[in-house]
Amino acid sequence: QQQVKQSPQSLIVQKGGISIINCAYENTAFDYFPWYQQFPGKGPALLIAIRPDVSEKKEGRFTISFNKSAKQFSLHIMDSQPGDSATYFCAARYHSGAGSYQLTFGKGTKLSVIP
Amino acid sequence: GAVVSQHPSWVICKSGTSVKIECRSLDFQATTMFWYRQFPKQSLMLMATSNEGSKATYEQGVEKDKFLINHASLTLSTLTVTSAHPEDSSFYICSAPPGAYYNEQFFGPGTRLTVL
């Protein structure tokens, strides 16, 4: 119920191309969907996030598309650059019942952008 | 954005010793902090929720006597790995939301623990 399924596990994209990472969930109680970027040996950094009442959110080269009826959301990275090479995690927020919100993470996608 | 720091960034210890990891919110107060563990090439797994002024809430399967959490103040939470063993070697990451009505969690840079 608290799972978020992420695909693909790894992705290789040519510089300038579009990177697309997909996530799916079952729990309709999730109320916030952030994406995190993580470089090796570093903590995750918030990239972009969306609420389920919004179908799309764009920030620079990063866009989240959200399909509430299908319970799916995706991250699009336009004009991918070698510096975007990192591991990307989708996440979903839920109320833990113990008085706080918690995040559940997808398994991650390792993106490699080749020149 | 809000800044969360961790100390140390890496630590190597002998099996059987205890290790303390600090998590600090630098520019905001956090009544709640979260501790995650991440094994190589895997996702983040929530270990426990640290609550200022009360006991931590541990996720199923996490030994509370082994992973001691103390939320000493509104800006500091500590994770102590007691009697560490090689299987405890991992990347430990804390996070904190910047307020009661928050959306985001801000993550620390992580602590790499290696137990020999």
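Here, every reference points to the structure presented above.
So, here's what we can say about the structure. This is a predicted model, so every value here is computed, not measured. (Residues numbered from 1 in each chain as written. Chains lettered and ligands numbered in written order. Predicted model: local features only at pLDDT ≥ 70, side-chain atom pairs only at ≥ 80, totals over all residues. Heavy atoms only, no water.)

1. Some remarks on the interface of chain B and chain A
Taken residue by residue, the interface counts 19 residues in chain B and 18 residues in chain A. Between chain B and chain A, the buried area comes to about 1,600 Å², and carbon and sulfur atoms account for 53% of it. Inspection of the chain B/chain A interface yields zero salt bridges. At the surface where chain B touches chain A, the tally comes to six residue pairs in polar contact (both at pLDDT 80 or more). When residues of the side of chain B that touches chain A are traced back to their parent elements, those giving at least two are β4 (32-38), β5 (44-51) and β9 (90-96) of chain B. Considering each element in turn, the side of chain B that touches chain A owes the most residues, four residues, to β4(B). Broken down by class, the residue content of the side of chain B that touches chain A amounts to nine nonpolar, eight polar and two charged. (Contact = heavy atoms within 4.5 Å. Buried area = accessible area lost by both parts, 1.4 Å probe. Salt bridge = Lys/Arg side-chain N within 4 Å of Asp/Glu carboxyl O. Polar contact = N/O pair within 3.5 Å; in protein donor to acceptor, adjacent residues only side chain to side chain. Helix = DSSP H or I, 4+ residues; strand = E, 2+ residues; numbered from the N terminus. Nonpolar A, V, L, I, M, F, W, Y, C, P; charged D, E, K, R; others polar.)

2. Some remarks on the state of the cysteines
Residues and elements named next belong to chain B. Throughout the structure, instances matching the rule amount to two disulfides over all chains. Between the sulfur atoms of Cys23 and its disulfide mate Cys94 the distance is 2.0 Å. Disulfide Cys23-Cys94: the torsion about the S-S bond is 80°, which places it as right-handed. Of this pair, Cys23 sits in strand β3 (residues 19-25) while Cys94 is found in strand β9, placing the two residues 71 residues apart along the sequence. We classify Cys94 as buried; its relative accessible area is 0%. (Disulfide = S-S within 2.5 Å. Buried < 20%, exposed > 50% of the residue type's maximum accessible area, 1.4 Å probe, protein only.)

3. Details of the sheet that holds strand β1 (residues 4-7) of chain B
Note on sheets: strands pair through backbone hydrogen bonds, and any given pair is parallel or antiparallel. Residue and element names in this part refer to chain B. Spatial strand order, β1-β3-β8-β7: four strands in an open sheet with antiparallel pairing. The strands lining the two open edges of the sheet, one partner per strand, are β1 and β7 (67-73). Going from strand to strand, the sheet's axes swing by 20° on average, the running direction of each strand aside. One ladder, built from four bridges, connects β1 with β3; its direction is antiparallel. Counted as the bridge partner of His7 is Glu22 from β3. (Pairing = 2+ DSSP bridges. Axes fitted to C-alpha atoms, helices over the stretch in contact; angles between N-to-C directions.)

4. Structural notes on the pairing of strand β2 (residues 10-14) of chain A
The side chains of a regular strand alternate between both faces of the sheet. Residue and element names in this part refer to chain A. Of the two faces of β2, the one holding Leu11 and Val13 is buried and the one holding Ser10, Ile12 and Gln14 is not buried anywhere. Strand direction decides the pairing type here: β2 and strand β11 (residues 109-114), joined by five bridges, are parallel. Considered in β11, the bridge of Ser10 is made with Lys110.

5. Concerning unusual backbone geometry
That bond from A:Ser7 to A:Pro8 is cis: its omega, -5°, falls within 30 degrees of zero. Among the structural elements, A:Pro8 can be located in the loop between β1 (4-7) and β2. Omega for the bond connecting B:His7 with B:Pro8 falls within 30 degrees of zero, at 0°, which places this linkage in the cis form. Here B:Pro8 lies in the loop between β1 and β2 (10-13). One non-glycine residue, A:Asp79, adopts positive backbone phi at about 45°. One non-glycine residue, B:Lys41, adopts positive backbone phi at about 60°.

Shape is all these values report; function is a separate question.
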